[in-house]
Amino acid sequence: MKALQLLILSFLAAIILSFSPTSKKYIVIDAGHGGKDLGATRNGIHEKDIVLNIAKQIKKSVERNDNYEVVLTRDDDSYPSLSERTEKINKLNPEMVISLHVNQTPKETEKTGFEIYVQKNEQSKNLAEKLKHKLGECPVKEENLHLLRESKVPAILLELGFMSNTKDRAYMSSEEGQKEIAEKISDFIRGN
């Protein structure tokens, strides 16, 4: 009888454990600007909209994998302050933070492409180097920006292109361009 009880208990324990949640890795995607803060703007196209659309696509794509949970610092047209964003990040203590932005110069420019800004630590620099391989050749620079400086976890700020470059602007504001950018970033996240 004891053997049967032990067998039943073992069987029930196995069932219960098979339904217990796996530990997920948290990733924070910060869609820069929002609300009244439009960010870089040209011809009625706003940075805040581009980065929010891409952030939502990254979340949807990455969360297909049960190992990750993507948290957005904003998922609508609101403006959490930089302090609120970093406070949320530090409470969550994610694996990494990627802050999405769009570059701009005062006049139309021939400058084009991605730029990555990093914290002054090796983990952030290593993430940037891995991301650079997914995006193609682009500069990686150390910068003393609030989100990078105040986040207590590896963080990078990714400039997606130049709003002041006609070709970049058309690509970033197109559905196809946003999908391609989101997929490159999603591939990078899943590879870590």
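Heads up: these notes are all about the structure in this document. (Residues numbered from 1 in each chain as written. Predicted model: local features only at pLDDT ≥ 70, side-chain atom pairs only at ≥ 80, totals over all residues. Heavy atoms only, no water.)

1. With respect to the packing of helix α2 (residues 47-62) against helix α7 (residues 175-190)
For clarity, the threshold we go by: Axes here refer to lines fitted to C-alpha atoms; in helices the fit is confined to the stretch in contact. Angles between the N-to-C directions go from 0 to 180 degrees. In DSSP terms, a helix is any run of H or I states spanning at least four residues, a strand is any run of E spanning at least two, and both are numbered starting from the N terminus. For classification purposes, angles smaller than 35 degrees are called roughly parallel, those larger than 145 roughly antiparallel, those between 65 and 115 roughly perpendicular, and all remaining angles oblique. Two helices crossing with the near one rotated counterclockwise from the far one by less than a right angle form a left-handed crossing, whereas a clockwise rotation gives a right-handed crossing. We call two residues in contact whenever any of their non-hydrogen atoms come within 4.5 Å of each other. Gly falls in the polar group here, along with every residue not listed as nonpolar (Ala, Val, Leu, Ile, Met, Phe, Trp, Tyr, Cys, Pro) or charged (Asp, Glu, Lys, Arg).
At their nearest, the axes of α2 and α7 sit 9 Å apart, and the two run at 45 degrees to each other. Here α2 is positioned oblique relative to α7, judged by the angle of their axes. α2 and α7 meet at a crossing whose hand is right-handed. Of the residues in α7, those in contact with Ile50, Asn53, Ile54, Gln57, Ile58, Ser61 and Val62 of α2 are Gln178, Lys179, Ile181, Ala182, Glu183, Ile185, Ser186, Ile189 and Arg190. Here the residues of the contact of α2 with α7 are counted per class, giving 8 nonpolar, 5 polar and 3 charged.

2. Quick notes on the pairing of strand β8 (residues 155-162)
Spelled out, the test is: For every residue, the accessible area (1.4 Å probe, protein chains only) is compared with the maximum for its type, and the residue is labelled buried under 20%, exposed over 50%, or partly exposed between those bounds. By this definition, two strands are paired if DSSP reports at least two bridges between them.
A large share of β8 lies buried, amounting to 8 of its 8 residues. Summarising the sheet, strand β5 (residues 96-103) and β8 pair through 6 bridges and their orientation is parallel. Each residue of the ladder has a partner; that of Ile98, found in β8, is Ile156.

3. Comments concerning the packing of helix α6 (residues 166-173) against α7
Interaxial distance between α6 and α7 falls to 4 Å at its minimum, and their mutual angle equals 80 degrees. The angle between the axes of α6 and α7 places the two elements in the roughly perpendicular class. In contact with Tyr171, Met172 and Ser173 of α6, α7 contributes Glu175, Gly177, Gln178, Glu180 and Ile181. When its residues are assigned to classes, the contact of α6 with α7 shows 3 nonpolar, 3 polar and 2 charged.

4. A short note on helix α3 (residues 82-92)
Heads up, the condition is: The directions considered for the arc run from the helix axis to the C-beta atoms.
Those residues of α3 not exposed but buried are Arg85, Thr86 and Ile89. The buried residues of α3 occupy one face: seen down the axis, they fall within an arc of 90 degrees.

5. Structural notes on the pattern of salt bridges
Selection criterion: Basic side-chain nitrogens of Lys or Arg form a salt bridge, by our definition, when they fall within 4 Å of a carboxyl oxygen of Asp or Glu.
The full count for this structure, using the stated rule, is 14 salt bridges. Between Lys125 and Glu142 there is a salt bridge, and its shortest N-O distance comes to 2.5 Å. With Lys125 in helix α4 (residues 122-135) and Glu142 in strand β7 (residues 140-142), the pair connects residues that are 17 residues apart, well separated along the chain. It is possible to trace a salt-bridge network through shared partners that takes in Arg42, Glu108 and Arg169.

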